[in-house]
2 protein chains.
Amino acid sequence: MTTQQIASQAVLDTIQARKSVRSYTDEPVTPEQVETLLRAAMAAPSGKNVQPWRFVVVTQPETKQKLAVGFNKMIATAPVAIVICGLTANPSGIANNNWTADCAAATENLLLAAESLGLGAVWTACYPYDDRMLPAIEALGLPDNIKPYCIVPVGHPAGDNKPKNKWNPDHIHYEKW
Amino acid sequence: MTTQQIASQAVLDTIQARKSVRSYTDEPVTPEQVETLLRAAMAAPSGKNVQPWRFVVVTQPETKQKLAVGFNKMIATAPVAIVICGLTANPSGIANNNWTADCAAATENLLLAAESLGLGAVWTACYPYDDRMLPAIEALGLPDNIKPYCIVPVGHPAGDNKPKNKWNPDHIHYEKW
């Protein structure tokens, strides 16, 4: 294989290897690793290049505990939780209808970067659920024009985590439905 | 570097190298390449593992022309257009509030896979814009519970396409906003 083919295969393999990791060891995630994750997130595409994503990096136990509202209780046990937030309107107050798509693309980049570093992470949704957004808004002091889109706890994987095989040719149509 | 480090760097480099490509050569995209893109898309995470994504692969010129409604006119000039659609409710009619997030994650995986193969692609939004969704619904004959989320034209890049540097530390907050 050429260097290009090796690189290409590494990308495709990592996309297939990414899995949701919900338990973590005590090993810390370094600031350099967090920066690598955020650099990947910010490389996502965004509508009209608005880059409406904002990130809150949380390591303090009491704040992580406030973010862990039930279904996402693993947030409290991860060394780091990254809250991906979205700017829902531009400075003149005009709504940005692309902010959820842009934040989702940034989140997927972040998850793939975590997988590539050997870290474990999982996408836990906040938006559009009020009962999930409000605790994050309060815990982080988010301003009115910023909504919490999702929270990604990150750590070193504990236990055995395997990716699901989700390939399903029935989900593909050709030319028309 | 170890093999693992080389693979990790390839993933991070591809995430940074991905760019929106809007002009394409006449070189076709092979069915094997399309399958690789769709395998990557289907490896995305989804809420409760519902996998609400559906894909329509369009190569017929008249259909591509119907999908090209203005802002996304490059669709007509790409060898292939992949329409990423979402199942907006489960079979018992209960709305799936995660379908847009899941389709967005699948789209980002698809774009990264295209970059890794040396192909050029761009995310053109349909949802939530009625004037963009209706032409796709009509051209493809989508059923009521399926919405077109976005359309990704794919081809071999023409001209010089460079990724934007979007790294912005001001978008990061620590512990609180």
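Residues numbered from 1 in each chain as written. Chains lettered and ligands numbered in written order. Predicted model: local features only at pLDDT ≥ 70, side-chain atom pairs only at ≥ 80, totals over all residues. Heavy atoms only, no water.

A. Representation of the overall build of chain A in the model. Scanning chain A from terminus to terminus reveals five helices and six strands. Secondary structure elements of chain A, listed N to C terminal, follow the sequence α-α-β-α-β-α-β-β-α-β-β. Over its C-alpha atoms chain A spans a radius of gyration of 17 Å, differing by no more than 12% from the 16 Å that the globule rule assigns to 177 residues. The C-alpha extent of chain A, read off along each of the three principal axes, is 50 × 45 × 30 Å. Taken across its 177 residues, chain A has 56% of its residues classed as buried. As displayed, chain A has an accessible area near 7,700 Å², and 51% of this comes from carbon and sulfur atoms. The average position of the 15 basic charges and that of the 16 acidic charges among the side chains of chain A differ by 4 Å. (Helix = DSSP H or I, 4+ residues; strand = E, 2+ residues; numbered from the N terminus. Rg over C-alpha atoms; globule rule 2.2 N^0.38 Å. Buried < 20%, exposed > 50% of the residue type's maximum accessible area, 1.4 Å probe, protein only. Areas by Shrake-Rupley, 256 points an atom, 1.4 Å probe, with all protein chains shown as cover. Lys, Arg positive; Asp, Glu negative; His and termini not counted. Charge placed at Lys NZ, Arg CZ, Asp CG, Glu CD.)

B. Broad picture of a nonpolar patch on the surface. Residues A:Met1, A:Ile6, B:Met1 and B:Ile6 make up a contiguous nonpolar surface patch of roughly 480 Å² in combined accessible area. With respect to the secondary-structure elements, B:Ile6 resides in helix H1 (residues 3-17). Accessibility expressed as a relative area gives 40% for B:Ile6, which makes it partly exposed. (Patch = residues over 30% accessible without salt bridge, like charges linked within 9 Å, V, L, I, M, F, W, Y side chains within 5 Å. Salt bridge = Lys/Arg side-chain N within 4 Å of Asp/Glu carboxyl O.)

C. Structural view of the pairing of strand E5 (residues 146-155) of chain B. Residue and element names in this part refer to chain B. Of all the 10 residues making up E5, nine are buried; the element is thus mostly covered by neighbouring parts of the structure. Examined bridge by bridge, strand E2 (residues 80-87) and E5 share eight bridges and lie antiparallel to one another. Looking at the pairing, Val-83 lines up with Ile-151 of E5. As paired strands, strand E3 (residues 120-121) and E5 are joined by two bridges and run antiparallel to one another. Considered in E5, the bridge of Ala-121 is made with Val-154. (Pairing = 2+ DSSP bridges.)

D. Fine view of the relation of the copies chain A and chain B. Note on the identical chains: chain A maps onto chain B by a rotation of 180° and an axial translation of 0.0 Å, with an RMSD of 0.0 Å. Within this description, the copies of the chain are treated as partners about a two-fold rotation axis. Of the C-alpha atoms belonging to chain A, the one lying closest to the rotation axis is found on A:Val11, 2.5 Å away. Here 100% of the interface residues in chain A have copies in chain B that are interface residues too; the copies meet face to matching face. (Least-squares fit on C-alpha atoms with pLDDT ≥ 70 in both. Contact = heavy atoms within 4.5 Å.)

E. Seen up close, the state of the cysteines. Residues and elements named next belong to chain A. Enumeration over the complete set of coordinates arrives at zero disulfides over all chains. Unpaired in terms of disulfides, Cys-103 finds its nearest cysteine sulfur in Cys-150, a separation of 7.5 Å. The class of Cys-103 is buried, set by a relative accessible area of 0%. (Disulfide = S-S within 2.5 Å.)

F. Looking closely at helix H5 (residues 130-140) of chain B. All names here are of chain B. Met-133, Ala-136, Ala-139 and Leu-140 are the residues of H5 that are buried. Seen from one end, H5 has its buried residues packed into an arc of 135°, which puts them on one side. Turned more than 90 degrees away from the buried face of H5 sit Asp-130, Asp-131 and Glu-138, all of them exposed. Against strand E1 (53-58), helix H3 (61-67), E2 and E5 lie the buried residues of H5. Where H5 terminates, the next one or two residues include Gly-141, which has phi positive at roughly 65°. (Arc of directions from axis to C-beta.)

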